[in-house]
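Structure at a glance
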Amino acid sequence: MDKHVVLSGMQPSGELTIGHVAGALRNWVKLQHEYDSLFCVVDLHAITAKQEPAKLRKWTLDVAAMYLAAGVDPQQSTVFVQSHVPEHVQLAWVLTCLTGMGECTRMTQFKEKSDRYSDNINVGLFTYPILMAADILVYNAHVVPVGEDQKQHLELARNLAERFNHRYSETFNVPEPYIPDIGGRIMSLQEPTKKMSKSDPNTNASIFLVDSDDVIRNKIRRAVTDSESTIVFDEDHRPGISNLITLLHLATNVPVEQIVQQWSGATGYAEFKETVANAVADYIRPIRERFLTIRADTDALNAVLESGAEVARKRALKVLRKVYKKVGLVAL
Ligand code: AQP
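Residues numbered from 1 in each chain as written. Predicted model: local features only at pLDDT ≥ 70, side-chain atom pairs only at ≥ 80, totals over all residues. Heavy atoms only, no water.

A short note on the environment of Tyr168
Mapped onto the elements, Tyr168 comes out in the loop between helix H8 (151-167) and strand E5 (176-178). In sequence terms Tyr168 and Val323 are 155 residues apart; their C-alpha atoms lie 9.0 Å from each other. Sequence-distant contacts of Tyr168, that is, excluding residues within four places in its chain, are made with Lys326 and Val327. (Helix = DSSP H or I, 4+ residues; strand = E, 2+ residues; numbered from the N terminus. Contact = heavy atoms within 4.5 Å.)

Description of the site of the ligand
Near the ligand you find 16 residues, and of these Ser13, Lys195, Ser197, Lys198 and Ser199 are the closest. Take Lys195: an N or O atom from its side chain is 2.6 Å from an oxygen atom of the ligand. Here Ser197 contributes a side-chain N or O atom positioned 2.6 Å from an oxygen atom of the ligand. Contact with the protein chains covers 93% of the free accessible surface of the ligand, which is 650 Å². Listed by contribution, the elements that provide at least two residues to the shell around the ligand are strand E1 (5-10) and helix H1 (18-34). Residue contributions to the shell around the ligand peak at three residues, all from H1. (Near = heavy atom within 4 Å. Polar contact = N/O pair within 3.5 Å; in protein donor to acceptor, adjacent residues only side chain to side chain. Areas by Shrake-Rupley, 256 points an atom, 1.4 Å probe, with all protein chains shown as cover.)

Let's talk about the domain arrangement of the protein
Looking at the assigned domains, one finds that the protein contains domain 1 (5-183 + 297-327) and domain 2 (203-292). Between domain 1 and domain 2, the residue contacts involve 14 residues of the former and 15 residues of the latter. When domain 1 packs against domain 2, close to 1400 Å² is buried across both sides, 79% of that on carbon and sulfur atoms. A per-residue breakdown of the area domain 1 buries against domain 2 is headed by Ile18, Met66 and Ala69, which together make up 42% of the total. Taken together, domain 1 and domain 2 are joined by three residue pairs in polar contact (both at pLDDT 80 or more). Of all the elements in the fold, those that place two or more residues in the side of domain 1 that touches domain 2 are H1 and helix H3 (53-69). When the residues that make up the side of domain 1 that touches domain 2 are grouped by side-chain class, the tally is nine nonpolar, two polar and three charged. (Domains from an automatic or database assignment. Buried area = accessible area lost by both parts, 1.4 Å probe. Nonpolar A, V, L, I, M, F, W, Y, C, P; charged D, E, K, R; others polar.)

Observations regarding helix H9 (residues 213-221)
Listed in full, the buried residues belonging to H9 are Asp213, Ile216, Arg217, Lys219 and Ile220. The arc that holds every buried residue of H9, seen down its axis, measures 165 degrees, which confines them to one face. Considering only its buried residues, H9 is in contact with helix H10 (239-252) and helix H12 (270-296). (Buried < 20%, exposed > 50% of the residue type's maximum accessible area, 1.4 Å probe, protein only. Arc of directions from axis to C-beta.)

Section: the packing of H9 against H12
Look at H9 against H12: their axes get within 9 Å of each other, and the N-to-C directions meet at 145 degrees. For the pair H9 and H12, the sense of crossing is right-handed. Touching Asp213, Ile216, Arg217, Ile220 and Arg221 of H9 are Lys273, Glu274, Val276, Ala277, Asn278, Val280, Ala281, Ile284, Arg285 and Arg288, all from H12. A breakdown of the residues in the contact of H9 with H12 according to their chemical character gives seven nonpolar, one polar and seven charged. (Axes fitted to C-alpha atoms, helices over the stretch in contact; angles between N-to-C directions. Left-handed = near helix turned anticlockwise from the far one by under 90°.)

Description of the packing of aromatic side chains
Taken as a whole and assessed by the stated rule, the structure comprises seven aromatic pairs. With a centroid separation of 4.4 Å and an interplanar angle of 5 degrees, the aromatic rings of Trp28 and Phe39 are classed as stacked. With Trp28 in helix H1 and Phe39 in strand E2 (residues 36-41), this pair connects stretches of sequence that are 11 residues apart. Across the pair, Phe39 and Trp28 agree in class, each one buried. On the basis of an interplanar angle of 40 degrees and a centroid distance of 4.6 Å, the ring pair of Phe164 and Tyr168 is categorised as tilted. (Phe/Tyr/Trp six-rings, centres within 6.5 Å; stacked < 30°, edge-to-face > 60°.)

Re the pairing of strand E3 (residues 77-81)
Among the five residues of E3, five are classified as buried, and the element is accordingly described as predominantly covered. Where burial is concerned, the two faces of E3 agree: the one with Ser77, Val79 and Val81 and the one with Thr78 and Phe80 are both buried. Taken together, the five bridges between E2 and E3 define a ladder with parallel strand orientation. Bridged to Leu38 within E3 is Thr78. (Pairing = 2+ DSSP bridges.)

Thoughts on the nonpolar core
Judged by nonpolar contacts, the single largest core of 60 residues is most densely connected at Ile18, Tyr67, Ile207, Leu244, Leu247, Phe272 and Val280. When residues are assigned to domains, this core turns out to be shared by domain 1 (5-183 + 297-327) and domain 2 (203-292), each giving three or more. Membership of the second largest hydrophobic core comes to 41 residues, among which are Phe80, Val94, Leu131 and Ala312. (Core = buried A, V, L, I, M, F, W, Y, C linked by side-chain atoms within 4.5 Å.)

Quick word on helix H13 (residues 298-327)
With 30 residues, H13 extends 41 Å from end C-alpha to end C-alpha; this agrees with the ideal 44 Å at 1.5 Å per step. Every buried residue belonging to H13 is among Leu301, Val304, Leu305, Gly308, Ala309, Ala312, Ala316, Val319, Leu320 and Val323, and all of these are buried. Those residues of H13 that are buried lie in contact with H3, E3, helix H4 (87-96), helix H7 (123-137), H8 and H12. Positive backbone phi, approximately 110 degrees, marks Gly328, located one or two places after H13. (Expected span 1.5 Å × (residues − 1).)

Concerning unusual backbone geometry
Although it is not a glycine, Asn140 sits at a positive phi angle of roughly 50 degrees. In this structure, Asn140 sits in the loop between H7 and strand E4 (143-145). The class for Asn140 is buried, based on a relative accessible area of 15%.

Written out as C-alpha cells, the structure reads:
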C-alpha cells in the first residue's frame, strides 16, 4: 500500500530557533519514516514581509541545511525550496478563484500581521493562506504538521479541497492536521506569553540553533520569570518558569511532572536556570555542529535541493495538469 503523504515547510525569514525543533523538526524526523514526506523552505511566503534579498538567499540555504542537521534525511524525504516548484503558484491561482473574500478577511494571522507590519499590508499577506493551501494540495498531502496558529489556514485548505472536489470531481485529499504532543510550543525568553520567533528583533528572546553554548547559557540565565521562587508548571499564571520547564523537558526528555517533582524543594530560580542552560546547550550543540558542516558544503546542499525540486515538480505537475483539465483550461 502506498504511504500517506505528509507536507510541511518553514519560512526563511530568519535563523531557526529551538522552537522550530520543538514544534516541528523533531516531529518531521519521526514522520519521515512512516510517511511519504515532503519538506520545503517556503521562500514565497517569506516575501509577504519585507526581506533583504541577500539575507533571504542566505536564510533559505540555512533553513534547508538546518532541516538536514536536525535529522531530516534527503534519502527518506523530499527536501526542496518552494519557489523552485512553480506549480505551487499556478495551483494557487485556481484556488484563489475559488476563495471568498470573507474567508481571507477572517484569518486571525492576517489581522495580527497587518498590525505588526502596518507599513506593508500587501495583498500577498492577505492571500498567503491560499498559497499555503496550494502547497499542500499540489501534492495531495494527507497530513500536515501545523502549530496552533496555522490551524485556521489548514481549515481553508480543507474547505478548498472539498469545494474543488464538489464543483469538478474527486481530485484532492482533504488534509488532516498533525498536532504535536505536549512541549511543542516554546515561548519568548523575554516575553513568555508570546511565541519564540526567528524574526523577533530582541535577539535575547530567542535561542537560535546557530547560537554558541555561551550565548545559549546567557540567554537562559537572563530569561524573564516572575517574582515567585517555586518551580511550578502553570502556563497561564507562571509562563516564564513554565517555559523553562518545557525547555528542560525538550532537552532531556524527562517528563514535565517529574521535573516539577525533582525541583519541588527549590527556593529560587538560579540553580534551575543553570541546569536548563546546560541541558539546552548540550541539546543544541550536535545540531549546530552538523549544521556548520552541511552548510559549508554548498555544492552538496544545492545538489540535495536540486534533486528535491526535480522530484517535487514531477509530482506537482501531475496534479496541476489534472486540475487545469478539470477546470477547462486547454492543454497544448
Ligand atoms: N516557538 C515555537 N514553538 C513551537 N513551534 C514553533 N514553530 C515556530 N516557532 C515555534 C513552528 O515552526 C513551523 C514553521 O514556522 P515558520 O517559520 O513557517 O513560521 P512561524 O511559525 O511564523 O515562525 P516564526 O519563527 O514565528 O517566524 P516569523 O518570526 O518570521 O513570523 C510551524 O510548524 C510552527 O508551529
